[in-house]
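Reading the structure
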Amino acid sequence: MEPTPEQLRALYRRCVAASNMMQPINIVRMDERTKRIFMLIGDTIEVKIFPNGEVFIK
């Protein structure tokens, strides 16, 4: 399964933001059931990127 162009743009922005904060990106995974990208930044920041490019940060 390939991410959508919107997801790729959002993923790129989150990677740059994490790098600017000097935070490690520990996990990047595409959930094929929900078609969402999941990122774990540092030990506590969870990011979900939906197929339309919308980002949810917890």
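Okay, so let's go over this structure.

Parameters at a glance
- Residues numbered from 1 in each chain as written.
- Predicted model: local features only at pLDDT ≥ 70, side-chain atom pairs only at ≥ 80, totals over all residues.
- Heavy atoms only, no water.
- Helix = DSSP H or I, 4+ residues; strand = E, 2+ residues; numbered from the N terminus.
- Buried < 20%, exposed > 50% of the residue type's maximum accessible area, 1.4 Å probe, protein only.
- Pairing = 2+ DSSP bridges.
- Axes fitted to C-alpha atoms, helices over the stretch in contact; angles between N-to-C directions.
- Contact = heavy atoms within 4.5 Å.

1. Focus: unusual backbone geometry
The backbone phi angle of methionine 22 is positive, close to 60°, even though this residue is not glycine. Checked against the element boundaries, methionine 22 lands in the loop between helix 1 (5–20) and strand 1 (25–31). Positive phi, normally seen in glycine, also occurs at lysine 35, with a value near 60°. Following the sequence through the fold, lysine 35 ends up in the loop between strand 1 and strand 2 (36–41). With relative accessibility at 39%, the residue lysine 35 sits in the partly exposed group.

2. Structural notes on the sheet that holds strand 2
What the 4 strands build is an open sheet, ordered 1-2-3-4; its pairing is antiparallel. Pairing within the sheet leaves two strands with one partner each, and these edge strands are strand 1 and strand 4 (55–57). Strand after strand, the sheet turns through a mean of 15° between neighbouring axes, direction not considered. Those strands touched by helix 1 are strand 1, strand 2, strand 3 (45–49) and strand 4, and its axis lies near 5° from that of strand 2.

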